[in-house]
Amino acid sequence: MARIGVIGTGVMGAALSLNMAEKGVAVAVHDLDAASIGRLIDRAGPLAENLTAAETTEALLAALPTPRAILVMVPSGAVDAVIDGLAPQLAPGDLIIDGGNSDFLDTRRREAALSERGLNFFGMGVSGGEEGARHGPSLMIGGRQEAWGLVEDILTAIAARHEGEPCAAWLGPDGAGHFVKTVHNGIEYADMQMIAEIYGIMRDGARQSAAEIGAMFEGWRTGPLSSYLIEITGQILAAEDPETGRPAVDVIRDSAGQKGTGRWTVIEALKLGQSASVIEAAVAARAWSSRAEARQAGAALFAPAGGGAGAPAVDELGRALLAARIIGFGQGLTLMRSASDAFDWDLDLARAAEIWRAGCIIRSVLLDDIAGAARAGLPEGELTHAPAFSAMLEETIPSLRRVVLAALGQGLPVPALAAALGYHDTMRQARGTANLIQAQRDVFGAHGFDYIDGRADRHGPWGA
Ligand SMILES: NC(=O)C1=CN([C@@H]2O[C@H](COP(=O)(O)OP(=O)(O)OC[C@H]3O[C@@H](n4cnc5c(N)ncnc54)[C@H](OP(=O)(O)O)[C@@H]3O)[C@@H](O)[C@H]2O)C=CC1
Ligand SMILES: O=C(CO)[C@H](O)[C@H](O)COP(=O)(O)O
């Protein structure tokens with residue numbers, strides 16, 4: 001008998017199945033495409049003895065003891081179809097886990113509908129890409145806590161480990177796991193964009209080659225910027241295209257796709273009355289990247305940017321990136337806290353940060369301190385106000401300011417770095433400028449405003 005079923009044996013489902021099989025967990029595997037199941041069994045080698053191929057969902061369920069646990073690893077658009085096919089065959093107490101990148105609102109809807117039928121449903125964020133799924137992902141689980149015991153041993157066995165501790169945790173009810181994964185991806189978007197902006201400053205401002213820029217990223221593999229994304233950026237910039245002999249990065253089109261998680265993060269931030277502006281800038285930059293023809297036309301119309309006017313020193317760029325990265329993470333945590341309040345999840349932010357320390361795409365040496373600061377309680381909900389981070393920012397913000405200024409002066413786009421700075425400057429300003437906004441709203445809409453001495457909801461003495 002198998003312990004768990006997996007539906008969807010594509011990139012992630014196959015890798016997770018092999019990971020489980022390697023940990024001694026017997027897995028029944030099913031996919032719409034029988035050839036995909038066959039490919040998985042073939043590549044499993046000796047691990048195939050822990051895999052049972054199931055050509056139908058009926059066969060998959062027959063291979064499982066009750067209560068049954070089924071992990072669904074299909075594209076988000078196919079999740080409802082899989083659940084609709086599966087649910088009528090299930091019995092109360094069975095558990096469906098959606099391990100794909102689903103919108104947490106869909107997860108809430110699915111969890112509510114399935115729990116009415118006595119079925120358990122988890123929305124589980126899986127991070128680490130194919131390699132992580134195969135050898136140790138970070139797993140962010142949401143759903144009814146009572147069902148966690150059904151699969152806790154399996155999921156903690158396959159998860160990445162940070163100093164021996166598994167990077168898998170039940171984080172809260174209904175959509176909590178998928179929300180945390182969505183914000184994880186939002187932070188991922190922001191970090192990738194800021195790294196790309198630093199690359200752009202060196203490529204277009206300092207006219208450096210991919211190899212030269214790669215050496216700079218290699219130098220950041222240790223120290224406060226140490227992280228998976230910095231590591232792969234160094235590797236990418238050092239790689240050569242075998243066909244042309246040119247740096248691989250130089251022959252790749254400058255239009256990046258997106259599947260939705262970054263956009264969902266921004267949409268939810270706005271719906272919660274927040275703005276994750278650094279993530280928003282990164283989502284916007286990806287959208288703009290797809291408008292290649294408009295950018296080509298713009299390049300022909302306007303004077304060129306950059307032009308070898310030199311670039312900030314490597315240490316300066318490193319400090320700037322560190323400051324912006326802290327602010328990006330901070331916006332993500334603020335958003336998770338708002339969602340937790342709005343949906344009554346009682347999210348443990350420190351635990352979420354802890355399970356991001358290994359296995360996931362945004363793993364970074366900073367996460368130990370982020371988890372520590374969250375555990376101690378974030379002052380006013382702001383990571384940047386926590387003592388460890390305010391000290392780091394005191395040291396690094398001047399570099400971020402100089403780097404942004406230098407880039408703007410040369411006409412080089414740095415939307416995410418500039419957004420990080422804008423947020424920081426706003427959040428350290430005791431008296432902002434919204435007093436004027438309030439007055440304007442009162443003039444055109446009679447919206448009223450509060451006086452600074454506490455008198456409330458007055459209208460102003462505006463002339464005609
Ligand atoms: N790739 C990555 O790095 C990561 C992906 N994810 C998420 O994981 C999920 C899966 O991604 P990934 O593995 O990359 O996707 P793939 O497209 O590689 O695999 C999905 C598999 O599901 C199968 N499938 C689709 N519909 C059904 C169905 N109704 N019944 C059974 N099988 C079905 C597909 O078959 P067919 O090809 O025949 O349609 C395919 O084999 C997505 O939500 C993705 O966003 C999460 C983290 C990282
Ligand atoms: O979840 C992931 C990593 O954490 C997936 O790789 C996801 O596809 C990344 O998002 P996008 O495709 O929009 O860049």
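Predicted, not measured: the structure shown is a model, and the values here were computed from it.

A. Just a nonpolar patch on the surface, in detail. A surface patch of nonpolar side chains, amounting to about 360 Å² of accessible area, comprises Val-443, Phe-444 and Trp-462. Residue placement: Phe-444 occurs in helix α19 (residues 434-445). For Phe-444, a relative accessible area of 65% gives the class exposed.

B. Inspection of the UniProt feature "active site" (unreviewed entry) in the protein at higher detail. The residues that UniProt annotates with the feature "active site" (unreviewed entry) are Lys-181 and Glu-188. The residue Lys-181 is located in helix α8 (residues 176-205) in this model. Since its relative accessible area comes to 5%, Lys-181 is described here as buried. Look past the residues within four positions of Lys-181 in its chain and what remains in contact with it is Asn-101, Gly-125, Val-126, Ser-127 and Met-140. Here Glu-188 lies in helix α8. On the basis of relative accessible area, Glu-188 is assigned to the buried category, the value being 14%.

C. Structural context of the packing of aromatic side chains. A complete count under the given rule lists eight aromatic pairs for this structure. The interplanar angle of 50° and the centroid separation of 6.0 Å between the aromatic rings of Phe-449 and Trp-462 together place this pair among those described as tilted. Of this pair, Phe-449 sits in the segment after α19 while Trp-462 sits in the segment after α19, and the two are 13 residues apart along the sequence. Using a relative accessible area of 11% as the deciding quantity, one classes Phe-449 as buried. Feature note: the residues Phe-104, Phe-179, Phe-343 and Trp-345 constitute an aromatic cluster, connected by ring pairs. The positively charged end of Arg-455 is found above the aromatic ring belonging to Tyr-451, 3.9 Å away from the centroid.

D. Representation of the nonpolar core within the structure. With 87 residues, the main nonpolar core has Met-336, Trp-356 and Leu-400 as its most contacted residues. Here this core spans two domains, since at least three of its residues come from each of domain 1 (4-174) and domain 2 (182-427). What Trp-356 contacts, discounting residues up to four positions off in sequence, is Ser-138, Met-140, Val-180, His-184, Ile-187, Phe-329, Met-336, Ile-362, Arg-363 and Leu-367.

E. Structural detail: the site of ligand 1. Neighbouring ligand 1 are 18 residues; Val-11, Met-12, Asp-31, Asn-101 and Val-126 lie closest to it. Contact between ligand 1 and Met-12: an oxygen atom at 2.8 Å from a main-chain N or O atom of the residue. When ligand 1 sits alone it has 890 Å² of accessible area, and the protein chains cover 71% of it. In terms of residue class, the shell around ligand 1 is made up of ten nonpolar, six polar and two charged.

F. Quick look at the sheet that holds strand β2 (residues 27-30). Ordered by their spatial adjacency, eight strands build an open sheet running β3-β2-β1-β4-β5-β6-β7-β10, and the pairing between neighbours is mixed. Each end of this open sheet is capped by a strand with a single partner; those strands are β3 (51-53) and β10 (168-172). Strand after strand, the sheet turns through a mean of 25° between neighbouring axes, direction not considered. Across four bridges, strand β4 (residues 69-72) lies against strand β5 (residues 95-98) in parallel orientation. Directly across from Ile-70, in β5, lies its bridge partner Ile-96. Sitting on the sheet, helix α2 (residues 34-44) touches β2 and β3, and the angle it makes with β3 is about 150°. In the packing of helix α4 (residues 79-86) onto the sheet, contacts are made with β1 (4-7), β4, β5 and β6 (120-127), and the angle to β5 comes to roughly 170°.

G. Expanded view of the site of ligand 2. The immediate surroundings of ligand 2 are formed by Asn-101, Ser-127, Lys-181, His-184, Asn-185, Glu-188, Tyr-189, Gln-258, Lys-259, Thr-261, Arg-286 and Ile-361. Within the side chain of Glu-188, an N or O atom sits 2.8 Å from an oxygen atom of ligand 2. Within the backbone of Lys-259, one N or O atom sits 2.8 Å away from an oxygen atom of ligand 2. Compared with its free state, where it exposes 360 Å², ligand 2 has 76% of that area covered by protein. If one sorts the elements of the shell around ligand 2 by residue count, α8 sits on top with five residues.

H. Highlighting the side chain of Asp-191. Note on placement: Asp-191 falls in helix α8. Of the polar contacts made by the side chain of Asp-191, one reaches the side chain of Arg-325; its length is 2.8 Å. Not counting chain neighbours up to four residues away, the residues in contact with Asp-191 comprise Leu-229 and Arg-325.

I. Structural detail: the packing of α8 against helix α9 (residues 210-219). Direction vectors running N to C along α8 and α9 enclose 135°, while the axes themselves pass 10 Å from each other. In terms of axis orientation, α8 runs oblique to α9. In the packing of α8 onto α9, the handedness of the crossing is right-handed. Where α8 approaches α9, its residues Ile-195, Ile-198, Tyr-199, Met-202 and Arg-203 are matched on the opposing element by Ile-213, Met-216 and Phe-217.

J. Representation of the domain arrangement of the protein in the model. Partitioning the protein into structural domains gives domain 1 (4-174), domain 2 (182-427) and domain 3 (435-464). Once you take the C-alpha centre of each, domain 2 and domain 3 turn out to be 38 Å apart.

K. Expanded view of the pattern of salt bridges. Scanning all chains against the criterion turns up 29 salt bridges. Here Glu-231 ties to Arg-221 by a salt bridge, and the two come within 3.9 Å at their closest N and O atoms. Taken together, the residues span a long stretch of sequence, with Glu-231 in helix α10 (residues 228-238) and Arg-221 in the loop between α9 and α10 at a distance of ten residues. With relative accessibility at 30%, the residue Glu-231 sits in the partly exposed group. A residue is classified by how much of its surface remains accessible, and Arg-221, at 34% relative accessible area, is partly exposed. Measuring nitrogen to oxygen at the nearest pair gives 3.1 Å for the salt bridge that ties Lys-271 to Glu-268. Of the two residues, Lys-271 and Glu-268 are both situated in helix α11 (residues 261-271); the distance of three residues between them amounts to about one turn of the helix.

Basis of the calculations
- Residues numbered from 1 in each chain as written.
- Chains lettered and ligands numbered in written order.
- Predicted model: local features only at pLDDT ≥ 70, side-chain atom pairs only at ≥ 80, totals over all residues.
- Heavy atoms only, no water.
- Patch = residues over 30% accessible without salt bridge, like charges linked within 9 Å, V, L, I, M, F, W, Y side chains within 5 Å.
- Areas by Shrake-Rupley, 256 points an atom, 1.4 Å probe, with all protein chains shown as cover.
- Salt bridge = Lys/Arg side-chain N within 4 Å of Asp/Glu carboxyl O.
- Helix = DSSP H or I, 4+ residues; strand = E, 2+ residues; numbered from the N terminus.
- Buried < 20%, exposed > 50% of the residue type's maximum accessible area, 1.4 Å probe, protein only.
- UniProt positions renumbered as here; feature names shortened; annotations may be inferred.
- Contact = heavy atoms within 4.5 Å.
- Phe/Tyr/Trp six-rings, centres within 6.5 Å; stacked < 30°, edge-to-face > 60°.
- Lys NZ or Arg CZ within 6 Å of the ring centre and 35° of its normal.
- Core = buried A, V, L, I, M, F, W, Y, C linked by side-chain atoms within 4.5 Å.
- Domains from an automatic or database assignment.
- Near = heavy atom within 4 Å.
- Polar contact = N/O pair within 3.5 Å; in protein donor to acceptor, adjacent residues only side chain to side chain.
- Nonpolar A, V, L, I, M, F, W, Y, C, P; charged D, E, K, R; others polar.
- Pairing = 2+ DSSP bridges.
- Axes fitted to C-alpha atoms, helices over the stretch in contact; angles between N-to-C directions.
- Parallel < 35°, antiparallel > 145°, perpendicular 65-115°, else oblique.
- Left-handed = near helix turned anticlockwise from the far one by under 90°.

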